[in-house]
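Understanding the architecture of this molecule
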Amino acid sequence: MRFRHQHTSVAVCTPGKLNLFLNVIGKRADGYHELETLMVSIGLYDTLRLVDDPDGELQLHCFRVACPTAVRGSVREPLPVDRDNLVVRAAELLRESAGIRRGVRIELCKRIPLAAGLAGGSSDAAATLVALNRLWNLRLNRAELHALAARLGSDVAFFLCPSGAAVCRGRGEIIEPITLAAPLHFVIVRPATGLSTALVFRHCQPGRHRDGAERLVESLARGRLSAAARCFHNALQEPAEGLNGDVVRLRQEFSKQPFLGHLMSGSGTSYFGLCATRDQARQLAARLRAKRIGEVFVAQSRP
Ligand code: C5P
């Protein structure tokens, strides 16, 4: 995340993520699922601007920005500006834990598609915690921010990790940073429809994949992209395909193109392909755009 702190405001770019590996190990007593997942943050950003308002209220204003590499064709879900938005919940949680009643005006420019498995909302929430910690001079340390992030959602803590790539375990909140040999180049397509994370998890069958993420971690660290792509796995893809025909269609379309590997991200519905170079990513994105199967993005992994 990149922060720009001025006197009474903070501006921040918040990246999305892709899951190159997601194994559902088992169901937990708290209703969540035990995971092992490898996530990389990508250069597809929302932007947030937070302006301190000491005597005012907590206000969120959302704007949707068309991504320059996107193609229209998606369902435009409304953007909540109340507690249904994780940004509001993050600001409220921070105020509550610091015991203060300060206001802030937050402007959120949304480029990352919703209900897409790209964790845009989680990234916005993580950025809100870090930005308000600075703006309000609360001096919460990394561990305290991490604990608040984990309370907000399973993916939120990942975005506090400076490395931009990590294996995440537990509910997703136990983060082990990893190193990529070089930036990865992706084409991402978000179809016209989204999926609810809770619904996809309800339909998954835990414990069916025996391999862990170790081989993928090693291949990425050595820059062996074809070997890495052979380790791609998402245990949520089968249930997502059962629930949403758009995901099936994306898999079929990606299979016809010379990607090193392809996979659904998170609980869907976004689908991505790994390319050898940025030029190849642009070329394959153009082909998929012509098929009008959704919004098409070219994105690189980010440190
Ligand atoms: O934690 P988050 O709010 O992002 O999760 C959304 C939903 O996804 C949860 O309510 C739960 O149904 C499901 N989930 C799960 N196991 C996880 C993460 C999410 O069952 N590790």
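Summarised in this report is the structure supplied together with it. All figures in this text were calculated on a predicted structure; none of them were measured in a lab. Here the residue numbers are simple positions, counted from 1 along each chain's written sequence. Where local features are concerned, this predicted model is filtered to residues with pLDDT of at least 70; where side-chain atom pairs are given and counted, the filter is 80 or more; whole-chain, interface and lining totals use all residues. Excluded from the side-chain calculation are hydrogens and water; included are all heavy atoms of the structure.

Overview of the layout of surface pockets
Any space left empty among the atoms is revealed by the rolling of a water-sized probe across them. Convention followed: Only protein atoms enter the 1 Å grid used here, on which a cavity is any set of points holding a 1.4 Å probe that cannot leave and a pocket is any open set flanked by protein within 12 Å on both sides along at least five of seven lines; residues with an atom within 4 Å of a point are listed as lining. Grid points are joined across faces, edges and corners, and a volume is the space filled by probe spheres set on the points. Each helix is a run of DSSP H or I of at least 4 residues and each strand a run of E of at least 2, with the numbering of both proceeding from the N terminus.
The volume enclosed by the largest pocket comes to roughly 1,200 Å³. Secondary structure elements with two or more residues in the lining of the largest pocket: strand E2 (9-27), strand E3 (33-53), helix H1 (86-98), strand E5 (103-110), helix H2 (120-135), helix H3 (142-152) and helix H4 (197-202). Along the wall of the second largest pocket there are 25 residues; nearest its centre are Arg142, Phe159, Leu160, Cys161 and Pro162.

A closer look at the packing of aromatic side chains
Test applied: A pair of Phe, Tyr and Trp rings is counted when the ring centres sit within 6.5 Å of each other, with Trp represented by its six-membered ring. The angle between the planes then sorts it: under 30 degrees is stacked, over 60 is edge-to-face, the rest tilted. Partly exposed describes any residue whose relative accessible area lies between the buried limit of under 20% and the exposed limit of over 50%, with all areas from a 1.4 Å probe on protein chains only and scaled to the type maximum.
Across all of its chains, the model carries five aromatic pairs by this definition. Judged by centre distance (5.1 Å) and plane angle (75°), the rings of Phe158 and Phe159 are edge-to-face. Per residue, the accessibility class of Phe158 equals that of Phe159, and both read buried. Put simply, the rings of Phe186, Phe232 and Phe272 pair up and form one aromatic cluster.

Overview of the site of the ligand
Rule in force here: Nearness of a residue to a molecule or strand requires only that one of the residue's heavy atoms be within 4 Å of it. N or O atoms within 3.5 Å of each other form a polar contact, as long as, within protein, one can give a hydrogen and the other can take it, and as long as residues adjacent in sequence are counted only when both atoms are side-chain atoms. To measure how exposed things are, a 1.4 Å probe is used in the Shrake-Rupley method; for residues, cover is taken only from the protein chains shown. Any molecule with more than half of its atoms within 2 Å of a cavity's or pocket's grid points is regarded as sitting in that cavity or pocket.
Taken together, Gly31, Tyr32, His33, Leu35, Gly153, Ser154, Arg171, Thr197, Ala198 and Phe201 are the residues near the ligand. Contact distances for the ligand include 2.6 Å between an oxygen atom and a side-chain N or O atom of Ser154. Between the ligand and Arg171, the relevant distance is 2.9 Å, taken from a nitrogen atom to a main-chain nitrogen or oxygen of the residue. In the complex, 73% of the free accessible area of the ligand, which totals 450 Å², lies under the protein chains. According to the grid-proximity analysis, the pocket containing the ligand is the largest pocket. Only E3 and H4 provide two or more residues apiece to the shell around the ligand.

Shape descriptors only; they carry no functional weight alone.
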